[in-house]
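Notes for the structure review
Now for the letters of each chain:
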Amino acid sequence: MSLADIDRAEFGRAQTVEIAAPAEAVWALVTDVTRTPEWSPVVAESWYEDGGPVRPGAVIVGRNVTPTREWQTTSRVVEADPPRSFAWVVGEDVVRWGYEIEPTGSGCRLTETWQVLETGFAFFERRYGDDARAQLADRREAAVAGIPATLDAIRAIAEREAG
């Protein structure tokens, strides 16, 4: 079944949280992918393939676990602009995840973004065939639930570490 008529706008999300910590500290936190399990409801383990540092082109390996499945991902950093932004694409440009950081008078504003890319829709169609819509819906539900939980956890960690 084709995904030609699927509403692509449903497969993107951006949510923002205010954090009482400096933008530089929040950028350092979110780019330390070894710490991602501290705030992600799915990531059990994550690391830079070559040990880092964060930079465009760096490869992130992640091991993800949910109650129904376990899988490993390989992602490529596509944006690393301290202390403003950090983004990566999963697999062969399936999904783009990222953080945008904006300094404020009392710390910073952190926005997490998630977007299934056009090549991602093609990937789901090839990999899952008739089940592609259901698989995409599952991923959307996970992102919609996971992003606020992730942001709340990052805020708590960043504010605790900022003292």
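Because the structure is a prediction, the values reported are computed rather than measured.

Some points on the sheet that holds strand 4 (residues 70–81)
Spatially, 7 strands are ordered 1-7-6-5-4-3-2 in an open sheet, and the strand pairing comes out antiparallel. At either margin of the open sheet sits one strand with a lone partner, and together these are strand 1 (12–19) and strand 2 (43–48). Neighbouring strand axes in the sheet, compared pairwise and without regard to direction, differ in orientation by 20° on average. As paired elements, strand 2 and strand 3 (residues 59–65) share 5 bridges and run antiparallel to each other. The partner of Glu-45 across the bridge, within strand 3, is Arg-63. Lying on the sheet, helix 3 (residues 132–162) is in contact with strand 1, strand 6 (95–104) and strand 7 (107–116); it crosses strand 1 at an angle near 15°.

Some points on the packing of aromatic side chains
One pass over the full model with this rule turns up 6 aromatic pairs. Measuring from ring centre to ring centre gives 6.3 Å for Trp-97 and Trp-114, while their planes differ by 50°; the resulting arrangement is tilted. Linking Trp-97 in strand 6 with Trp-114 in strand 7, this pair joins segments that are 17 residues apart in sequence. Look at Trp-97 and you get partly exposed, because its relative accessible area is 21%. Directly above the aromatic system of Phe-121 lies the positively charged group of Arg-8, at a separation of 4.3 Å from the ring centroid.

Quick notes on the pattern of salt bridges
Per the stated rule, a full pass over the model turns up 14 salt bridges. Across the salt bridge formed by Glu-10 and Arg-140, the nearest N and O atoms sit 3.1 Å from each other. Remark: Arg-140 occurs in helix 3 and Glu-10 occurs in the segment before strand 1; sequence separation between them is 130 residues. Residue Asp-152 pairs with Arg-155 through a salt bridge whose shortest N-O separation is 2.9 Å.

Digging into the nonpolar core
Counting 38 residues, the largest nonpolar core has Ile-19, Phe-86 and Leu-110 as the members making the most contacts within it. Contributions of two or more residues to this core are made by strand 1, helix 1 (23–31), strand 5 (85–90), strand 6, strand 7, helix 2 (118–128) and helix 3. Counting residues per element, this core draws most heavily on helix 3, at 8 residues. Excluding residues within four positions of it along the chain, Phe-86 makes contact with Trp-27, Val-30, Thr-31, Val-33, Tyr-48, Val-54, Ile-60, Val-77, Glu-79, Trp-97, Gly-98 and Tyr-99.

About the criteria used
Residues numbered from 1 in each chain as written. Predicted model: local features only at pLDDT ≥ 70, side-chain atom pairs only at ≥ 80, totals over all residues. Heavy atoms only, no water. Pairing = 2+ DSSP bridges. Helix = DSSP H or I, 4+ residues; strand = E, 2+ residues; numbered from the N terminus. Axes fitted to C-alpha atoms, helices over the stretch in contact; angles between N-to-C directions. Contact = heavy atoms within 4.5 Å. Phe/Tyr/Trp six-rings, centres within 6.5 Å; stacked < 30°, edge-to-face > 60°. Buried < 20%, exposed > 50% of the residue type's maximum accessible area, 1.4 Å probe, protein only. Lys NZ or Arg CZ within 6 Å of the ring centre and 35° of its normal. Salt bridge = Lys/Arg side-chain N within 4 Å of Asp/Glu carboxyl O. Core = buried A, V, L, I, M, F, W, Y, C linked by side-chain atoms within 4.5 Å.

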